[in-house]
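Okay, here's what each chain looks like letter by letter:
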Amino acid sequence: MKIPHALKLRAAVEARRVLDEVTGIASVVVATPDGFEIASVARRDIEPARIAAMASSIAAIGAVVSQEARLGRCTCITVATDNGFALVSPVHSGETSLVVNVIADADAVLAQAMYRTAACVRALEAPQP
């Protein structure tokens, strides 16, 4: 999948903003729906390529579940764990689709992370001049 260079740059900027603006965020990975990383930032050692691959699968499952349940378009999947959570959010920017994956530690506030992740998705979906 060919991702426009301008969208890759915006993804990198938005990933950095999420990491910088929400306490407790460990990493942000923006990926293609087929699981290839296009931008990532992290506060700790993670493997962005592995996160990208898994996030794309989670996003696909979320889309199918929301469709089967007739709930409308899936906007976010939350994976809660003992030590934090992951947010997986699909992005639809014109002809291009992406997946934003946010990994948060236990000290992160879920609502803050969800709010900022949604803002990231809106920024990536917005038409650019």
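Our subject is the structure listed above.
Small disclaimer: the values here were computed from a predicted structure and weren't measured.

Colleague: How should I be thinking about the sheet that holds strand 1 (residues 25-31) in this particular structure?
Modeller: Backbone hydrogen bonds hold the strands of a sheet together, and the pairing may be parallel or antiparallel. On the basis of which strands lie adjacent, the open sheet formed by five strands has the order 2-1-5-4-3 and antiparallel pairing. Edge strands, defined here as strands with exactly one partner in the open sheet, are strand 2 (37-42) and strand 3 (77-81). Sheet twist, expressed as the average angle between the axes of neighbouring strands with direction ignored, equals 10°. Examined bridge by bridge, strand 1 and strand 5 (residues 96-105) share six bridges and lie antiparallel to one another. Bridge pairing in strand 5 places V30 opposite V100. Here helix 3 (residues 110-125) sits on the sheet in contact with strand 1, strand 3, strand 4 (84-93) and strand 5, set at roughly 20° to strand 4.

Colleague: Can you help me understand the side chain of R116 in this one?
Modeller: Counting through the fold element by element, R116 comes out in helix 3. Reaching out from R116, the side chain makes a polar contact with the side chain of E21 at a distance of 2.7 Å. Contact partners of R116, with chain neighbours within four places excluded, come to E14, R17, V18, E21 and V22.

Colleague: Would you explain the environment of V91 in this entry?
Modeller: Structurally, V91 is set in strand 4. Looking at V91, the relative accessible area reads 0%, which means it is buried. With near-sequence residues (within four places) excluded, V91 lies in contact with T96, S97, L98, V100, V121, L124 and E125.

Colleague: What should I look at first to understand the nonpolar core in this one?
Modeller: Among soluble globular proteins, nonpolar side chains are generally buried collectively. Formed by 25 residues in total, the largest nonpolar core has its most connected members in I25, V28, V30, L98, V100, V102 and L124. The leading source of residues in this core is helix 1 (residues 5-21), at five residues. For V102, the contacting residues outside a window of four places in its chain are V18, I25, S27, V28, F85, A86, L87 and T117.

Colleague: Could you clarify how one ought to interpret the environment of P127 in this entry?
Modeller: Take P127: it is sitting in the segment after helix 3. Since its relative accessible area comes to 77%, P127 is described here as exposed. The sequence separation of P127 and S93 amounts to 34 residues, and the corresponding C-alpha distance is 7.5 Å.

Colleague: Got a minute to help me understand helix 1 in this structure?
Modeller: Residues separated by three or four positions in an α-helix point in the same direction, a consequence of the helix having 3.6 residues per turn. For helix 1, with 17 residues, the first-to-last C-alpha span of 24 Å sits near the 24 Å given by 1.5 Å per residue. Of all the residues in helix 1, the buried ones are L7, R10, A11, E14, A15, V18 and L19. The secondary structure elements touched by the buried residues of helix 1 are strand 1, strand 2, strand 4, strand 5 and helix 3.

Calculation notes
Residues numbered from 1 in each chain as written. Predicted model: local features only at pLDDT ≥ 70, side-chain atom pairs only at ≥ 80, totals over all residues. Heavy atoms only, no water. Pairing = 2+ DSSP bridges. Helix = DSSP H or I, 4+ residues; strand = E, 2+ residues; numbered from the N terminus. Axes fitted to C-alpha atoms, helices over the stretch in contact; angles between N-to-C directions. Contact = heavy atoms within 4.5 Å. Polar contact = N/O pair within 3.5 Å; in protein donor to acceptor, adjacent residues only side chain to side chain. Buried < 20%, exposed > 50% of the residue type's maximum accessible area, 1.4 Å probe, protein only. Core = buried A, V, L, I, M, F, W, Y, C linked by side-chain atoms within 4.5 Å. Expected span 1.5 Å × (residues − 1).

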